[in-house]
Number of protein chains: 2
Amino acid sequence: MSASKRDELVQNALKAFYRGGFHAIGMDALAKETGVSKTAMYKHFRTKEELILATLRLRDEQFRNWLVRRVEALASTPREKLLAIFDALAEWFCEPEFRSCMFIKASSEFQDRNHPIHAASAEHKRLLLVYFQTLTHAAGAQNPDDLARQILLLKEGAIVLAHLHDPEMAASDARAAAQVLITNAGL
Amino acid sequence: MSASKRDELVQNALKAFYRGGFHAIGMDALAKETGVSKTAMYKHFRTKEELILATLRLRDEQFRNWLVRRVEALASTPREKLLAIFDALAEWFCEPEFRSCMFIKASSEFQDRNHPIHAASAEHKRLLLVYFQTLTHAAGAQNPDDLARQILLLKEGAIVLAHLHDPEMAASDARAAAQVLITNAGL
DNA sequence: CTATGAGTTGACCGATCGGTAAACCCAACG
DNA sequence: CGTTGGGTTTACCGATCGGTCAACTCATAG
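Predicted model, so just to flag it, every value in this text is computed and none were measured. (Residues numbered from 1 in each chain as written. Chains lettered and ligands numbered in written order. Predicted model: local features only at pLDDT ≥ 70, side-chain atom pairs only at ≥ 80, totals over all residues. Heavy atoms only, no water.)

1. Brief notes about the interface of chain B and chain A
Counting from both sides, the interface comprises 44 residues of chain B and, opposite them, 44 residues of chain A. The largest per-residue losses of area from chain B upon contact with chain A belong to Gln111, Leu153 and Leu164 of chain B, which jointly make up 19% of the total buried on that side. At the boundary of chain B with chain A, the tally comes to 2 salt bridges. In this structure, Asp173 of chain B and Arg149 of chain A form a salt bridge, with 2.6 Å as the shortest nitrogen-oxygen distance. Put simply, the parts of the chain that give the side of chain B that touches chain A at least two residues each are α1 (3-20), α6 (102-109), α7 (116-139), α8 (144-164) and α9 (167-184) of chain B. With 13 residues, the single largest contributor to the side of chain B that touches chain A is α8 of chain B. Partitioned by chemical class, the residues of the side of chain B that touches chain A number 21 nonpolar, 13 polar and 10 charged. (Contact = heavy atoms within 4.5 Å. Buried area = accessible area lost by both parts, 1.4 Å probe. Salt bridge = Lys/Arg side-chain N within 4 Å of Asp/Glu carboxyl O. Helix = DSSP H or I, 4+ residues; strand = E, 2+ residues; numbered from the N terminus. Nonpolar A, V, L, I, M, F, W, Y, C, P; charged D, E, K, R; others polar.)

Structure representation (structure tokens):
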């Protein structure tokens, strides 16, 4: 029961679920893709739902770490960092493997508000909002919490349209809108 | 082979897919819920995918008609109509049956860009964008196409956050952001 | 050497998946 | 009356679903 095997399993499941969807990928396919038997998987996770929740935890950590790192690398002042969010998004959208947001997809397939998977998706967005709030507060915006929610709004909209229409345009449109909102907040 | 039977079937399928997701609802469950046998359904639709596409066509028509009607009822000038989009959305979000956008969900479950279901979802958003463009042009915005895309961005983000966080807040945040963008476009 | 115990395996469970075949019902027509 | 034919039903197809089980491997302990 090595912990590294478990991590490897979660990483593979993450990729498979991200590409194919949660209901669409079966445990058999997952086992075959990972190169481990199904029984071995069920030693690590008691149900498929537990495995999904583990992939969401990993993805949450991955994504927020990546975003913060990119934003810190691209900008120095809080105001610039708010805009850099959308430059980082543009990079993400243009990756060939980009297929929308894991959590939007999770909440699409598990819609019940008190379903653990739906709740995990909501929590991910809440943590992102917290990060945006630290930036708007640091920047000294007039209504920092309102601005942070609006930035999050633009980010989610950009993801949806990057997936359905044009990735680059979605990112640059969102960036332009954010710039107006940021300026309007006194920055 | 009455056409009304077919329509009734599509309407029932629409409700079932909207509540449960496309992969999660099987044809057996659909047949039982509609009160018709599976074979009868397969007389109208050769595959499940065809049925899904029919539900999306119905939903596209329903939603865009509803939105235009509500916007026309709520506002008279083009500028007011652009804002009224978000008042209409607020009404939608607060319905107890609200469970995000059918097309976001469809594109989440069928992610391949050249999959017919994904394409139908993209087309729905494109038609919405066209409607927004007529409004921004009529309002005399400085960059009407840019503004229309940003309004669409806010609308998609609002849907996602209404589903995951707070419906009323998502709508009002988007409305406030739209107001700033509209004013910034010289209106 | 044998005994043990964790970890792994292929085979299998009942249920359900999307989709089909053949029998059946019943009104219209001769 | 018998025949025909569209619309329906029940029963079924192989494949796959999430999940389980007895058997097997194999390093270690005595």
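More follows now that the structure is in view.
2. Re the relation of the copies chain B and chain A
Relative to chain A, chain B is turned by 180 degrees and slid 0.0 Å along the rotation axis, the superposed coordinates differing by an RMSD of 0.0 Å. On the angle and the small slide along the axis, the relation comes out as a two-fold axis. Of every C-alpha in chain B, the one belonging to Gly157 of chain B sits nearest the axis of rotation, 1.9 Å from it. Taken as a fraction of all interface residues of chain B, those also at the interface in chain A reach 100%, which identifies the copy contact as same-surface. (Least-squares fit on C-alpha atoms with pLDDT ≥ 70 in both.)

3. Examining the pattern of salt bridges
Residue and element names in this part refer to chain B. Applying the stated rule across the entire model yields 24 salt bridges over all chains. Across the salt bridge formed by Glu123 and Arg126, the nearest N and O atoms sit 3.0 Å from each other. Placement of the pair is Glu123 and Arg126 together in helix α7, with a separation of 3 residues, close to one helical turn. Put simply, Arg149 and Asp146 hold a salt bridge, and the shortest N to O gap is 3.1 Å. One end of the pair is Arg149 and the other is Asp146, both in helix α8 and 3 residues apart, which spans about a single turn.

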